[in-house]
Structure formats: structure tokens, C-alpha cells
Amino acid sequence: MVENLVIVESPAKAKTIEKFLGKGFLVMSSFGHIRDLEKKDFGIDIKNNFEPKYIVSTDKKKVVAELKKLAKEATTVWIASDEDREGEAIAWHLYEVLKLKKENTKRIVFHEITKDAILKAIENPRQIDENLVNAQQARRILDRLVGFEVSPVLWKKVKPQLSAGRVQSVAVRLIVERERDIISFQSESFFKVIAQFTVTDEKGVEKTLKAELPKRFSTKEETLDFLTSCKNAEYAVRDIEKKPSTRKPAAPFTTSTLQQEASRKLGFSVAQTMSVAQRLYEAGNITYMRTDSVNLSETALTAAEEEITKRHGSQYVKIRRYKTKNKGAQEAHEAIRPTYLNKDAVSGESNETRLYNLIWKRTIASQMADAKLEKTNIHISISTNDKELVATGEMIKFDGFFKVYMESTDDENQKQEESLLPQVKAGDILNEEVMNATQNFTYRPARFTEASLVKKLEELGIGRPSTYAPTITTVQNRGYVVKESRDGVERKYEVITLQENDISGEIKTQITGAENKKLFPADIGMVVTDFLSKNFTTIMNYNFTADVEKEFDDIAVGKIIWQEMIGKFYFPFHANVEKTLEESERETGERILGTHPETGKTILVRIGRYGPMAQLGETPEDKEAEAPKFASLRTGQHLETITLDEAIDLFKLPRDLGLYEDKKVVVAIGRFGPYVRHDGKFASLHKDIDDPMEIDLERAIVLIEEKKEKDRLKHIKSFDEDAELKILNGRWGPYIAYQKENYRLAKDIEDPKVLSYEDCLKIIKAAPKKKTSKAAKKAPAKKKAPAKKKATTTKKKTTVAKKKTTTAKK
């Protein structure tokens, strides 16, 4: 019999906690959520006050059975899931499904997995907080209603197999709007003037002093006029201005600031940061990693003071008690910090040690003294005009927290050029070496990185610490957004130089616009955003999404009843869904580019069944008339930016390259990208090497032979008895292919070539029977005559039981 059963949500967490508890405790894991809303009818009884219908996941039935058995035997059951709303919901589901009793069930919470924290939690148990559970239920139900009602509208009005979500759709909108700002941005050029002087110090050593003209010239003519006016000029130090300044350390990490800084400093994705942080937490190395709070406990502050004093001296200590600015902060009561501040490193795999080191440095730095700096401005007069040059430098007088840590920034255009200035005094005459006026260009808005998107979502109040990572992952998995790096393009700029009273010019080149791990909207993401913004203004409104989060906060403290909050939103929303299904037009992102110069036919681009494409010619009403031609857009081409000439080039494909082995070689673009076709076989072009508009016969033959060799290596054996039966080499090793089914071979079969036809049939017969899909079970449908009557429309159109497949007209 078990005296104390402790249930947590992860095996790693269970293993760590078990070390701190005595023999009378058995720690078990639920492996996350044990049940969720069922799929049928949304899993919500809308007529019965939005009563949720939960079902135990198939893969959790064995876990539930084992926990039920242990719970019956236990004297006391301790539910120790995480302390946020999701953790509280897991605790409630365990209580309900395991049919636990109030008198012997205790809820315990802790924000760090240490012996002291666990024992303190055991001494101070509480009941399950129904308000927190209801806040999480409200979030889950609202998101289910939005997703399950809007997604079928997208299937019908845009493209099959699309999805929408309350937070994900707004996140995509942010990325789409930023991309359109970039597309419409017009860069302007200007000239920046920098003069270089030689200064000789007291020891006779020559040093360089650079000074900049604060004014920017918008034209070359203005720039030349200024440089001309500087001929034969004398440059003197008019004034030296010194200003003390201080820099304060950043607050300890919250979930969002950890995600941002790990992205900037370590190159982690948001999801990767949370995965690594989860492991650190479960191993007892850091406090709970989903939090809005910047507060540190008194114990942590004392430990930080001791550690800083020991390492750097008492002059580096400045204890700060940060307060959370976010009113909705509710996920935990302390910032993310190391559980033991005297440990500056932990064992583990590389990413764990790197992230832990970042958290340790940020926590320690937050309790260190300000950095003290001195900023110096040297004002230099020009004798031949009324302009003035300024040299700027910064000196660190006391490094303070700089000794440990400095926060990064998302501003990729910010240049941190700090330099020590040579010693000069007012009245000194400076020796000019050269003056350069360099052409610069205004920066377009920066595309979002995962880190900067998290920052923006937090600023707008959209989502909570637990939702940032899954939201960003989801929009990429759905194909609405892609994260990638792109090469820059070459741009020319001019440098005008004044040296020894002579003015000269030079044209140089630079690479501009390179992107590193940025978020780009896909064409389908832009089209879906336009459709939703046009027809579902409420859920696409940034303020609505933020206001909903505030209402969840109110539910969590018992201020409002969750069913009333859902009802207030749902009924107008559902009416809008019905209206959109009835009245809205299909959205394809269609854009007419112009007419073909030879045929005079219209060329347009739009979303088709297989993605973005170009269309040559209108779709005719008469079925006997000539059908339009279609061509897939190439990689890097987009509906909103492709030009008429680029679209015309698409219809030059397929291209006939010539003959090879007396068979025609053709290059074309298909559903999965550009390819070469030869003798009924297809070979894909290499993405970064081959251009379908430029590839020649010689290169195509190389690709054809590569494909043949790959096929030769794939084929192991065929059989005269049945041409359908083959032994092939696959990604996971050799297998039997027969009648469109694959059968893996046992590892002890060392040489598949020795298998006979009869051996293969035995393996097929002994293999587990595969489930037949519902579609396969149905008999082939007979062709029906066109229906004369329209189908009767039912009121509840959006409660979709059967998924309709709509075929887009080409």
C-alpha cells in the first residue's frame, strides 16, 4: 500500500522531486494533460451554457488506469503540477478523472524544485483553485470555438485544409502588415560627412580624431557646395563638453525577455528556449520558466548580495526590488533565476549550460551597481563657414554590472561605436587629413525575428508567457509564415572626398538587405489575413485580443463568470460566421498584371489549388472555348511583388532542351518545384544551383544521371512471378513494396537479395493488418447528373461534422 502518492506532469520533474522526499512518498507522472475537449460537435455543449465535453486521450488510458489504481491505495494524494493556470487545470482534470476525494487530496505548488521548496509546499497544501481552472477552461473553449467555426469558412472561401486561431491569426496579421510596410517603403539617400584629423599628444605620438557633421545633405549638389566651402579652412577646437551618465542593469528574466535575449545572444528559437528552460527547471536548476514577474524573493536577494560581494567586492552591490509593470502578470510570483545563485554553471548538454549561464548572469547583474560613464563631445569650428563638426566619445569610469552582463538589442541598424578621444583643449588648431561625404540610405522597417515578435505581442497584451512559443510555432507549421535567411542585393553608393583642397568622387558597391532568421509571410498567409480582416474584424482587432486576456485575468481572480464572458462573445461571432458563409466572396488574392504582348490575353496571379500561380487568359464560360494556361510561381516570387515580365517568363516553360539517348529532355515547374523530365522520369533541380530559365542540356543530363543512380541504389530485387512486388532501399532501410503498401524487413535479415518470392509473401501475410480508411471502405460513387435543386441550408452550418472538399476552378 502507498502512503503518499505525488502526481506531477513530467517524468523528469518526478525524478528530481523523488530525491527530496522520503521513502513514504511515491512520485508518478501524468505525462502532461490526461484529457482534452472531444472533437465531435466542438467538444462543447453550446446550448447547455457552453458545458465542455472532455475525453481521456487514447494514449493516456494506460497512465490513467495505473494512477487510478495507485490513488485508491494511497492514504494521501498530492497533486504537484505547475503553479500556472495550465498546471491548475491539469490538477483539476486529475482530480475529476481519478475520482479523488477532497478529504485525502492536497494541492501543492512551488516555483523551484529544491528540497526546501518541496518540503515547504508539503507543509502548506491548499485546495484546487477553481477560478484558475475556469480561466484556463475559458481560454481553451474560446480558442476551440474560434478555430472550429472560422476554419471551415476558410476551407470554402479561400482554400481547403486551412486553419484560423484567436491569437495565431493576429500574430500573422502583424507579420503581414510589416511586410506591406516594407514593400511600400521608398528609400531616400542622403550624404553624411565625417572629417579625420591628426592630433599629436604630449609624448609626440600621432593619434586620429574623427568628427562628424550633424547636418545631413539630401542632394549631391548641397554636399559639393559644403565641401567646396571647406577648402583652405582652419579647424579649431571651440569647446569640450563632458557629461557624466549612468547605465542601469536590466530586470531579471520573465518568459518573454528570456525568449528575446536567448534569440539575440544564443540564436535560439522561441520554442527551443522554452524546451531547454523546461529541462533546467525539471532538473532543479532554475525557477519556474513561465512567468510575467520580475520580482526576486528575499532569499534570492540575500544570496545575490553574498555572491557579488565574494566575487567583486561590496562596491559592486546594489540590491533592487523590481516591480512588474504588466497588470495582468499572473503566471508566477518570481522571475526566472537560478535556484542556487552560488552556482554559475551546471552540468548538462551544451544548450542547457549556455542558457543557464545567461540566466545566472542576468540575475546577478540585476543586483549590481550602475555602470558610470563619461560622455565627451568635442565641438570643432570651421573658419570658412558657420557649420560645426562634433567628435563624440564615451569612457567607462566604473564598470558596475558591465563586469558581468550587458543586454542586447533588436535594433539591427544601431551601431555601437564607442571610442576614446585623444587629449585636446579648447583653442587647439587641428590638422585635417581628409573629409569624406558618404552616400547613405534610409532604412526600411525591420522584419520580425521570433524575439522581436514576442516583444510586440507582449507590448500589445496579446497572449501570455505560456502562449508565445506555441503561437509562433503554429503559424510556421501552418505555412502562413516562413522563417528563413535571405541574401542581400548589391547597391551602388557614392563617396565624395575633400583632401588637400582637391574634391574627388568614387562609386562603390555594398551588399544591402540581407536577412538572418527573419519571419516572412507566405502568400497564403497574406490572403487569409485579408479575408479575415475583411470579414472578422472583431477577432482580428489587436485590442479585442488584449481585452480577452484581461477578461481571463478577471476570471482567474473570480471577478467574472466564464460562461457569461464566452456567451457575450460567441453569439454575435456565430451570427457573423453564418453571414460570411452566405454573403462573402471567395478570396484568392487575385492581382491582374497586364496583357501578354503576343497573345493579348490577360495575365494575373492568384492562389490556386496547389499554391500561388500565374494564369494566362480568362476562365471561359463556354466549356468548348480554349482553357487558360497556368504556371506555378518560382521560389522567391510573391503575388504582391511579381512583375508582368516575370510572369510572362513563367509561360516560357516547359522548355525543350534537346535529346538525350534519343529521348526528349524538358525542363518545367510543377507542384513541388522545378524539374527535368526524360523518358517518363523526373529529376528535381537543385534549389540553390539550378535556374529553370537558364539550365542547359549538359547540366540536365547530370541531373538525369544522378536520378538514375539514386533509383539504381533504391532497387534491390524484382520478381517475375509478380511485377508489383519489389524489394527496395528506403530512408529507414530495406522494405517490401507491394500493391501500394510497404512492409519493413526484420533487422536480422542481413541480405535482402536472398529473399525469395515465397519469403516475401510470408512476410506480407505475417505483417500487422493496416487500418483501412473510411474513404477506402466506400464503394466508388457513381457519376450523378447535375442537381437541379439547391441543397437545403440548415441554420447550424458551421457545426461541421463532415469535411467538405472544394475543388478550386482553374
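Predicted, not measured: the structure shown is a model, and the values here were computed from it.

A. Quick look at the sheet that holds strand β20 (residues 602-608). Across the sheet, 4 strands lie side by side as β19-β20-β21-β22; this open sheet has antiparallel pairing. Every other strand in the sheet has two partners, leaving β19 (591-595) and β22 (629-632) as the edge strands with one partner each. The sheet shows a mean angle of 25 degrees between the axes of neighbouring strands, taken without regard to direction.

B. Highlighting the pattern of salt bridges. The final tally for this structure, using the stated rule, is 53 salt bridges. Close ionic contact of R180 with D530 constitutes a salt bridge, the shortest N to O distance being 2.8 Å. Separated by 350 residues along the polypeptide, R180 in helix α6 (residues 168-184) and D530 in helix α14 (residues 523-535) bring together distant segments of the chain. On the basis of relative accessibility, which here comes to 26%, the residue R180 falls in the partly exposed class.

C. Up close: the side chain of R139. Note on placement: R139 falls in helix α5 (residues 130-157). A distance of 2.8 Å separates the side chain of R139 from the side chain of E549, its partner in a polar contact. Residues contacting R139, with those up to four places away along its chain left out, are R85, R166, R464, T467, E549 and F552.

D. Fine view of the nonpolar core. If you look at the biggest cluster of nonpolar residues, it comprises 167 residues, and the most contacted ones within it are F110, L154 and L355. Here this core takes 12 residues from α5, the largest share from any one element. Excluding residues within four positions of it along the chain, F110 makes contact with K13, I17, A80, E83, A117, I118, A121 and Y281. Of all hydrophobic cores here, the second largest spans 26 residues; its members include F217, A233, V237 and I496.

E. Structural view of the environment of A446. In this structure, A446 sits in the loop between β14 (429-441) and α12 (450-460). Note on A446: relative accessible area 28%, which makes it partly exposed. Spatially, the C-alpha atoms of A446 and E515 are 9.3 Å apart, while their sequence positions differ by 69 residues.

F. Summary view of the pairing of strand β18 (residues 515-521). For β18, the tally of buried residues reaches 5 of 7 residues, placing the bulk of the element in the interior. Bridge analysis of strand β15 (residues 481-486) against β18 gives 5 bridges, and the strand direction is antiparallel. Its bridge partner lying in β18, K483 is registered against L519.

G. The side chain of T254, seen in detail. By the secondary structure assignment, T254 is in the loop between β11 (235-247) and α8 (255-266). Leave out the neighbours within four places in its chain, and T254 touches T291, D292, S293, V294, I336 and E458.

H. A look at the packing of α8 against helix α9 (residues 270-282). One way to put it is that α8 packs onto α9 with a least axis distance of 9 Å and a crossing angle of 115 degrees. The orientation of α8 relative to α9 falls into the category roughly perpendicular. Relative to α9, α8 is oriented so that their crossing is right-handed. Note on element contacts: α9 touches α8 through V270, T273, M274 and A277, opposite T255, L258, Q259 and A262. Among the residues making up the contact of α8 with α9, the classes are represented as 5 nonpolar, 3 polar and no charged.

I. Structural detail: α9. The end-to-end C-alpha separation of α9 is 18 Å, in line with the 18 Å expected for 13 residues at 1.5 Å each. Residues of α9 that are buried: V270, T273, M274, V276, A277, Q278, L280, Y281 and E282. Its buried side turned inward, α9 meets α1 (11-20), α8, α11 (350-366), α12 and α13 (468-477). Residue G284 follows α9 closely and has a positive phi angle near 80 degrees.

J. Spatial organisation of the packing of aromatic side chains. Under the definition given, this model contains 17 aromatic pairs. Between the aromatic rings of F50 and F571, the centroid separation amounts to 5.7 Å while the plane-to-plane angle is 50 degrees, which identifies the pairing as tilted. Here F50 is found in the loop between β4 (44-45) and β5 (51-52), whereas its partner F571 is found in helix α16 (residues 562-583), with 521 residues between them in sequence. Residues Y570 and F573 carry aromatic rings whose centres are separated by 6.5 Å and whose planes lie at 55 degrees to one another, so their mutual orientation is tilted. You can see Y570 and its partner F573 sitting in helix α16, 3 residues apart, about one turn around the helix. Overall, the relative accessible area of 3% leaves Y570 in the buried class. What links up through ring pairs into an aromatic cluster is the set F50, F536, F544, F569, Y570, F571 and F573. The residue whose ring lies beneath R173 is Y542, and the NZ or CZ to ring-centre distance is 4.1 Å. Here the guanidinium or amino end of K265 rests over the ring plane of Y405, the centre of that ring lying 4.9 Å away.

K. Just the pairing of strand β7 (residues 76-79), in detail. In β7, alternate side chains face the same way, and those of T76 and W78 on one face and V77 and I79 on the other are all buried. Taken together, the 4 bridges between strand β1 (residues 4-8) and β7 define a ladder with parallel strand orientation. Bridging from a neighbouring strand, I7 pairs with I79 of β7. Pairing of β7 with strand β8 (residues 105-107), which is carried by 3 bridges, proceeds in the parallel orientation. Paired with W78 across the bridge in β8 is K106.

The rules behind the values
Residues numbered from 1 in each chain as written. Predicted model: local features only at pLDDT ≥ 70, side-chain atom pairs only at ≥ 80, totals over all residues. Heavy atoms only, no water. Pairing = 2+ DSSP bridges. Helix = DSSP H or I, 4+ residues; strand = E, 2+ residues; numbered from the N terminus. Axes fitted to C-alpha atoms, helices over the stretch in contact; angles between N-to-C directions. Salt bridge = Lys/Arg side-chain N within 4 Å of Asp/Glu carboxyl O. Buried < 20%, exposed > 50% of the residue type's maximum accessible area, 1.4 Å probe, protein only. Polar contact = N/O pair within 3.5 Å; in protein donor to acceptor, adjacent residues only side chain to side chain. Contact = heavy atoms within 4.5 Å. Core = buried A, V, L, I, M, F, W, Y, C linked by side-chain atoms within 4.5 Å. Parallel < 35°, antiparallel > 145°, perpendicular 65-115°, else oblique. Left-handed = near helix turned anticlockwise from the far one by under 90°. Nonpolar A, V, L, I, M, F, W, Y, C, P; charged D, E, K, R; others polar. Expected span 1.5 Å × (residues − 1). Phe/Tyr/Trp six-rings, centres within 6.5 Å; stacked < 30°, edge-to-face > 60°. Lys NZ or Arg CZ within 6 Å of the ring centre and 35° of its normal.

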